[in-house]
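# Fold and contact review
What follows is each chain in one-letter form.
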Amino acid sequence: MDLNHSDDTLAAASVPNTAKILIAGGFGVGKTTLVGSISEIRPLRTEEPLSERSVGVDSTRGVSAKTTTTVAMDFGRISFQSQLVLYLFGTPGQERFWFMWDDLAIGAIGAVVIADTRRVADCFAAIDYFERNGTPFIIAVNCFDGAPRFEADDIRIALTLQPEVPVVMCDARERDSVKKVLVSLVRYVMNSRSQPNQVSIG
Amino acid sequence: MTSHDGHGERWLDQEAGPVVRLYALTKGRTLPNGGASFGLIDVVVATGERPSEHFRLGPEHRRILGICRRPIPIVDLTSEIDLPLGVVRVLLGDLTGEGLIKVISAQRQPVPDQSLLRMVLNGLESL
């Protein structure tokens, strides 16, 4: 029977396991560089709701039903031998792309928030989002040439982080460095899961 | 390409945009029928069934079915087919509604389990 045949084919075909990690941080902080250091970059077209602001730019006269416009973003893909594919999604920096974050965050292992010591405030928005959303995250300080070096504890204070949130130094251009960042995130998530939930109320 | 001919800028070829407005492909729909949700890393595959007589397969439906002969995550399908994610989701909704496509591995909600985390950790460490 056709039906049985198609089920057999399906069972024989290998179904990849998939997982995703978000890469967040302010504009120009090295999100794309980090993703490109360790993974194959692929294009993705998505759409953006037309806001009041963009209505003036994209003439919508006569097309009242048009509520979105398409935008391009990239994602990274790492294929492992064990039928596992890990996706890295750089969260769009501009505030008009906030709508995409929920789509990206759902089901994610966690997030890496990249910080630049010259403008740490740029990553507050991402930290706020992940804290509210309950997405586990770590801070990766991208050590730019010429940027002031700080101890992890100074950065923790500057960002008013919870004590358990890891802060790691990295060079987004270096594959090994990026690998360590991702390993830190996955270990952090595994450890925080295996311990009883210490949810602070209030 | 753009050219200047004294009458301002003209858009030519791909710069002029698609011949068919994207959401014309979905008959104006921006959400899938039946309220199906398709996560970015959900894996879909063609079932090999035939469409019912009343269902008219569009060229984009056919392209999706072709790519989905093997299991593929939706984000890769979207990248390969070069249509916006929302459009792909609407078309996938049509195809799952007809039983031509099924979601075989949904992303873990709300969060991945320990065995998947262990696989990811092992994978990363072996890079």
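Here the structure is a predicted model, which is why all the values come from computation and not from measurement. (Residues numbered from 1 in each chain as written. Chains lettered and ligands numbered in written order. Predicted model: local features only at pLDDT ≥ 70, side-chain atom pairs only at ≥ 80, totals over all residues.)

## So, the overall build of chain A
This is how it is decided: Runs of H or I in DSSP of at least four residues are treated as helices and runs of E of at least two as strands, each being numbered from the N terminus. Residues are treated as contacting if the C-beta atoms built from their backbones sit within 7 Å of each other.
In terms of regular secondary structure, chain A is built from seven helices and seven strands. Ordered by position in the sequence, the α and β elements of chain A form the string α-β-α-β-α-β-β-α-β-α-β-α-β-α. Counting contacts in chain A only where the partners sit at least 6 residues apart, residues at least 24 apart contribute 73% of the total.

## Some details on the overall build of chain B
Put simply, the rule reads: The exposure label follows from counting other C-beta atoms within 10 Å of a residue's C-beta, where the C-beta atoms are placed from the backbone and the thresholds are 20 or more for buried and 12 or fewer for exposed, leaving partly exposed in between.
A tally of helices and strands in chain B yields four helices and five strands. Helices (α) and strands (β) of chain B occur, in sequence order from the N terminus, as β-β-β-α-β-α-α-β-α. A total of 127 residues make up chain B; the buried ones form 34% of that total. Relative to all contacts within chain B whose residues are 6 or more apart in sequence, the contacts with residues 24 or more apart total 71%.

## What to know about the sheet that holds strand E1 (residues 17–25) of chain A
Here is the rule we go by: Strand pairing is defined by DSSP finding a minimum of two bridges between the two strands. Helix axes use the C-alpha atoms of the stretch in contact, all axes being lines fitted to C-alpha atoms, and the angles between their N-to-C directions lie in the range 0 to 180 degrees.
Read across the sheet, seven strands follow the order E2-E3-E4-E1-E5-E6-E7 (chain A) without closing on themselves; strand pairing throughout is mixed. At either margin of the open sheet sits one strand with a lone partner, and together these are strand E2 (40–49) and strand E7 (167–170) of chain A. Neighbour to neighbour, the strand axes of the sheet diverge by 30° on average, direction disregarded. Strands E1, strand E5 (110–115) and strand E6 (137–142) of chain A of the sheet are contacted by helix H5 (residues 124–133) of chain A, whose axis makes an angle of about 160° with E5 of chain A. Its contacts with the sheet place helix H3 (residues 85–97) of chain B against E2 and strand E3 (68–80) of chain A, and it is angled at close to 85° to E2 of chain A.

## As for the interface of chain A and chain B
Definition in use: Ten residue types, Ala, Val, Leu, Ile, Met, Phe, Trp, Tyr, Cys and Pro, are classed as nonpolar, four, Asp, Glu, Lys and Arg, as charged, and the remainder, Gly among them, as polar.
Listed by partner, the interface residues are 39 residues for chain A and 38 residues for chain B. Only helix H1 (2–12), E1, E2, E3, strand E4 (84–90) and helix H7 (175–194) of chain A provide two or more residues apiece to the side of chain A that touches chain B. Among the elements that take part in the side of chain A that touches chain B, H7 of chain A stands out by supplying eight residues, more than any other. Looking at the side of chain A that touches chain B residue by residue, the class counts come to 21 nonpolar, 10 polar and eight charged.

## Quick word on the nonpolar core
Here is the rule: In plain words, the nonpolar core is the set of buried Ala, Val, Leu, Ile, Met, Phe, Trp, Tyr and Cys residues that C-beta atoms within 7 Å link up.
Ile21, Leu22, Ile23, Ala111, Val112, Val113 and Ile114 of chain A are the most contacted members of the largest nonpolar core, which has 71 residues in total. For this core, the element with the highest residue contribution is H3 of chain B, accounting for seven residues. Apart from the residues lying within four places of it in its own chain, the contact partners of Ile114 of chain A are Ile23, Gly25, Val29, Gly30, Lys31, Leu34, Ala140, Asn142 and Ala172 of chain A.

## Quick look at the sheet that holds strand E3 (residues 43–46) of chain B
Residue and element names in this part refer to chain B. The strand order E4-E3-E5 describes an open sheet built from three strands, whose pairing is antiparallel. The open sheet has two edge strands with one neighbour each: strand E4 (72–73) and strand E5 (101–105). Relative to E4, E3 runs antiparallel, the two sharing two bridges. Of the residues in E4, the one forming a bridge with Val44 is Ile72.

## Quick word on the confidence of the model for chain B
Note the cut-off: pLDDT is a residue-level measure of predictor confidence that goes from 0 to 100.
Residues with a pLDDT of 70 or more make up 80% of chain B, whose mean pLDDT is 85. Interface confidence for the predicted complex, expressed as ipTM, amounts to 0.82; the pTM equals 0.83.

## Considerations on helix H2 (residues 74–81) of chain B
For an α-helix the count is 3.6 residues per turn, leaving residues at separations of three or four pointing the same way. Regarding H2 of chain B, the residues found buried are Ile74, Val75, Asp76, Leu77 and Thr78 of chain B. Backbone geometry just after H2 of chain B places Asp82 of chain B at a positive phi near 55°.

## Re unusual backbone geometry
Residue and element names in this part refer to chain A. Phi is positive for Gln83, close to 55°, though the residue is something other than glycine. Following the sequence through the fold, Gln83 ends up in the loop between E3 and E4. By C-beta crowding, Gln83 is classed as exposed, having 12 other C-beta atoms within 10 Å. Residue Thr160 is not a glycine yet carries a positive backbone phi of 45°.

## Here's the deal with the environment of Arg29 of chain B
Inspection of the secondary structure assignment puts Arg29 of chain B in the loop between strand E2 (9–11) and E3. By the C-beta count within 10 Å, which is 16 here, Arg29 of chain B ends up partly exposed.

## Quick word on the pairing of E5 of chain A
The two faces of a sheet get side chains in turn, since along a regular strand they alternate between them. Residue and element names in this part refer to chain A. Among the six residues in E5, six count as buried, and that is most of the element. Side-chain alternation along E5 places Gly110, Val112 and Ile114 on one buried face and Ala111, Val113 and Ala115 on a second face that is also buried. Here E1 pairs with E5 via five bridges, running parallel. Residue Leu22 lies in a different strand from E5, and its bridge partner there is Ala111.

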